[in-house]
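Tertiary structure, described
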Amino acid sequence: MNTHSPNMRPVIRQLDDSAINRIAAGEVVERPASAVKELLENAIDAGARRVTVEVADGGKTLIRVTDDGCGMAPDELSLALSRHATSKIDGSDLLNIHSFGFRGEALPSLGAVGRLTIQSRAPGGEAAELSVAGGQAGAVKPCALNAGTVVTLRDLFHATPARLKFLRSDRAEMMAISEVVKRLAMAEPSVGFTLRDVSEGRDRVSFRADPATGDLFDALRARMAQVMGAEFTDNALGVDAEREGIRLTGLAALPTYSRGSSTAQHLFVNGRPVRDKLLMGALRGAYADYLSRERHPAVALFVDCDPHKVDVNVHPAKSEVRFREPGIVRGLIVSALRHALAEAGHRASTTVAGATLGAMRPEAPAGAMRSEAPLGAPPEAPSQPRVYQMERPSAGARQAAYRAQAPAPGFAEMAGAYSARVVEDMPEAPEHGGRPRPLPLGAARGQVHENYIVAQTADGMVIVDQHAAHERLVYEKLKRQMAENGVAAQALLIPEIVELSADDVSRLMEISDDLSRMGLTIEPFGGGALAVRETPAILGEVNAKALLHDVLDELSDFGSSQLVQERIEAILSRVACHGSVRSGRRMRAEEMNALLREMEATPHSGQCNHGRPTYVELKLADIERLFGRT
């Protein structure tokens, strides 16, 4: 890296403004999506109620952001293109920040790497425009504009063509822009957003979200349905908790509505979208007991606090933050999410039933396959399933029909060859306040293949995986016992000495109290060493060195570690698996109904220890549609 001649002393020199702005643009404007983010944040900070983004060729040739905000006066346009000129702070307190932007770097940086034009009009003033190319600004001149601001950026990175080689395809850049718009749309439900793709002269709306109205949760649910889909809001739990002046609100999906990646995790601090490892680690810890490591929860969570309690000026793109009291924030997220999940009880996501019904759709009969269409003929419309208009029989008619339908000869002998049992009598629902208590999971009607309980509910049916359900029930019982009695620790006859760096020893000692509660007792042993005096008894023989290194890795990745607790709970999960009702066991009617009642009373019983559903509920209307009935 040292390229200067040993006989020449390097000379310190002041860079010109154009070079300074291009360097700043390298930090702020990484790709077209970065430019869209900066311009959108400016529009929101200006009080816009509607914002339109037009993009061509993935933002490489055109980005235009139009808003109806407060606008700028003609004499402010030139100042807006100066570095560190902003209307959002006065410079006296860099922590008291209530806006998205505050550095005043976006517009001059964009003008340094592209062709930038700003048109703006303040209320009661005249409209004016200013153009910049390669960092060189033109003269302010009048223009036609009703209100607000229009910022047009053409030929991004034309002044730094080497950056163009690192951009991805137009489609990939457009997807990144869409993600930026959607994240800011989630942060501001009261603002309307429209994203248009105007490449090659066409005008296609890629995303649209109208302003949401109502109270906090109504507006949030409406906006999340627009951005993340109705399935997410249908399977999400409301979260609203506060601790020591820090408030957490938002929506968190059920564990059975998990994803294969973390792309559906949206976190906001004081309205600002962030990707912070502390928050991601807390989210992972909250769901650790309900999801396997390869599954990820879907959430939209908002942390709001006094601006002085969080530093947003620690990252060039402001995508990371630093809390003054991170432990309080982490504890709030974990406790609030676990409380919300516990309140959900045995509930499982509706997508489980949807997938089940999809698998049960009847296929077209072999004879119904259409003949091959002539070349060039329009494709035939897919045949719709036939619907039969039928009325439901009355209870008396059903009883009469049952009496008339005597078993056919030989049916009793044939039934023994099939793995199914029928429960003849429907149990009486226990009374609650003089009325029968509702049974959400219904009453057992039979058992199929000695593994699946079929139950009838008031408006449908439920199919329960008896092994997975009982495994979760036993697991929850073991956890309650451990919480009441504590984690038993096993003292080592000879403490194990683990050599580490001084920094690693310090990091582990900061969480030594938490580790001790989990049965892992450590003490400093001088220099860069730790003495492990006790290990959790339930883990048996432990490789203390490997365990501590794994804990350190989690501290580096997430800012906290739940590894010891996860390993203890993994043992409890295996114990629960061996101690639960096995697949293949025939259950009596009272056993099946007792299992259903216990599931209704036990939190988290809707999913097994790995996040899979323990039951599927099918509504009668959906079942009738499968058979073409209306």
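Everything that follows concerns the structure shown earlier in this document.
Not measured: the values here are computed from a predicted model.

1. Quick look at the environment of Asp 459
- Structurally, the position occupied by Asp 459 is in the loop between β21 (452-457) and β22 (460-465).
- Here Asp 459 falls in the partly exposed class, since its relative accessible area comes to 39%.
- Once the C-alpha coordinates of Asp 459 and Ala 621 are considered, the two residues, 162 residues apart in sequence, prove to be 8.2 Å apart.
- At 3.2 Å, the side chain of Asp 459 forms a polar contact with the side chain of Lys 619.

2. Structural notes on the pairing of strand β4 (residues 128-133)
- Note: strand β3 (residues 115-121) against β4, six bridges, orientation antiparallel. The partner of Leu 116 across the bridge, within β4, is Val 132.
- Taking the residues that link successive antiparallel strands as the turn, the β3-β4 hairpin has six residues, and the phi of Gly 124 there is positive, at about 80 degrees.
- Pairing analysis gives two bridges linking β4 to strand β6 (residues 141-142), with the strands arranged antiparallel. Across the sheet, the residue bridging to Glu 129 is Lys 141, located in β6.
- Between β4 and strand β5 (residues 136-137), which pair antiparallel in sequence order, lie two residues; one of them, Gly 134, sits at a positive phi of approximately 60 degrees.

3. With respect to helix α9 (residues 326-343)
- Over its 18 residues, α9 runs 26 Å from end to end, which matches the ideal 26 Å to within 8%, given 1.5 Å per residue.
- Tucked into the core, α9 has its buried residues touching β10 (236-243), β11 (246-253), α8 (277-287), β14 (299-304) and β16 (322-323).

4. Section: the pattern of salt bridges
- Taken as a whole, this structure holds 26 salt bridges when the rule is applied.
- Arg 115 is paired through a salt bridge with Asp 155; the nearest N and O atoms lie 2.7 Å apart. Taken together, the positions of Arg 115 in strand β3 and Asp 155 in the loop between β7 (148-154) and α5 (170-187) put the pair 40 residues apart, joining distant regions of the chain.
- A single network of salt bridges, built from pairs that share partners, joins Asp 197, Glu 200, Arg 202 and Arg 204.

5. A closer look at the sheet that holds β10
- Taken in spatial order, the five strands line up as β10-β11-β14-β12-β13 in an open sheet, and their pairing is mixed. Strands with a single pairing partner mark the edges of an open sheet, and in this sheet they are β10 and β13 (272-274). Pairwise comparison of adjacent strand axes, ignoring direction, gives a mean angle of 20 degrees for this sheet.
- Bridge count between strand β12 (residues 265-269) and β14: five bridges; the pairing is parallel. Paired with His 266 across the bridge in β14 is Ala 300.

6. Examining the sheet that holds strand β23 (residues 489-499)
- The strand order across the open sheet built from three strands is β23-β25-β24, with neighbouring strands paired in antiparallel fashion. The sheet is open, and its two borders are formed by β23 and β24 (521-524), each paired with just one other strand. Between one strand and the next, the sheet's axes are offset by a mean angle of 20 degrees, whatever the strand orientation.
- Bridge analysis of β24 against strand β25 (residues 529-536) gives four bridges, and the strand direction is antiparallel.

7. Notes on the packing of helix α2 (residues 32-45) against helix α4 (residues 106-113)
- Relative orientation of the contacting elements α2 and α4 amounts to 145 degrees, with a least axis distance of 10 Å. Taken as a pair, α2 and α4 cross one another with a handedness that is left-handed. On α4, the residues touching Ala 35, Glu 38, Leu 39 and Asn 42 of α2 are Ala 106, Leu 107 and Leu 110.
- Its residues assigned to classes, the contact of α2 with α4 shows five nonpolar, one polar and one charged.

8. Side note on the side chain of Thr 233
- Assignment of secondary structure puts Thr 233 in helix α7 (residues 230-234).
- Accessibility expressed as a relative area gives 10% for Thr 233, which makes it buried.
- Non-local contacts of Thr 233, meaning those with residues more than four positions away in its chain, are made with Arg 221, Met 224, Ala 225 and Leu 251.

9. Details of the packing of aromatic side chains
- Throughout the structure, instances matching the rule amount to two aromatic pairs.
- An angle of 50 degrees between the planes, with centres 6.3 Å apart, marks the rings of Phe 232 and Tyr 257 as tilted. Of this pair, Phe 232 sits in helix α7 while Tyr 257 sits in the loop between β11 and β12, and the two are 25 residues apart along the sequence.
- For Phe 232, a relative accessible area of 1% gives the class buried.
- Considering the side-chain rings of Phe 268 and Phe 302, the 4.5 Å spacing of their centres and the 10 degrees angle between planes classify their relative orientation as stacked. Highlighted residues: Phe 268 in strand β12 and Phe 302 in strand β14, separated in sequence by 34 residues. Residue Phe 268 shares its accessibility class with Phe 302, and that shared class is buried.
- When the ring centre of Tyr 257 is taken as origin, the NZ or CZ atom of Arg 259, which lies over that ring, is 4.0 Å away.

10. Considerations on the nonpolar core
- With 60 residues, the main nonpolar core has Leu 40, Phe 193, Met 224 and Phe 232 as its most contacted residues.
- Per-element tally for this core: the top contributor is α5, with nine residues.
- For Leu 40, the contacting residues outside a window of four places in its chain are Val 51, Val 53, Val 65, Val 181, Leu 184 and Phe 193.
- In this structure, Met 280, Leu 283, Leu 291 and Val 312 belong to the second largest nonpolar core, which totals 36 residues.

Calculation criteria
Residues numbered from 1 in each chain as written. Predicted model: local features only at pLDDT ≥ 70, side-chain atom pairs only at ≥ 80, totals over all residues. Heavy atoms only, no water. Helix = DSSP H or I, 4+ residues; strand = E, 2+ residues; numbered from the N terminus. Buried < 20%, exposed > 50% of the residue type's maximum accessible area, 1.4 Å probe, protein only. Polar contact = N/O pair within 3.5 Å; in protein donor to acceptor, adjacent residues only side chain to side chain. Pairing = 2+ DSSP bridges. Expected span 1.5 Å × (residues − 1). Contact = heavy atoms within 4.5 Å. Salt bridge = Lys/Arg side-chain N within 4 Å of Asp/Glu carboxyl O. Axes fitted to C-alpha atoms, helices over the stretch in contact; angles between N-to-C directions. Left-handed = near helix turned anticlockwise from the far one by under 90°. Nonpolar A, V, L, I, M, F, W, Y, C, P; charged D, E, K, R; others polar. Phe/Tyr/Trp six-rings, centres within 6.5 Å; stacked < 30°, edge-to-face > 60°. Lys NZ or Arg CZ within 6 Å of the ring centre and 35° of its normal. Core = buried A, V, L, I, M, F, W, Y, C linked by side-chain atoms within 4.5 Å.

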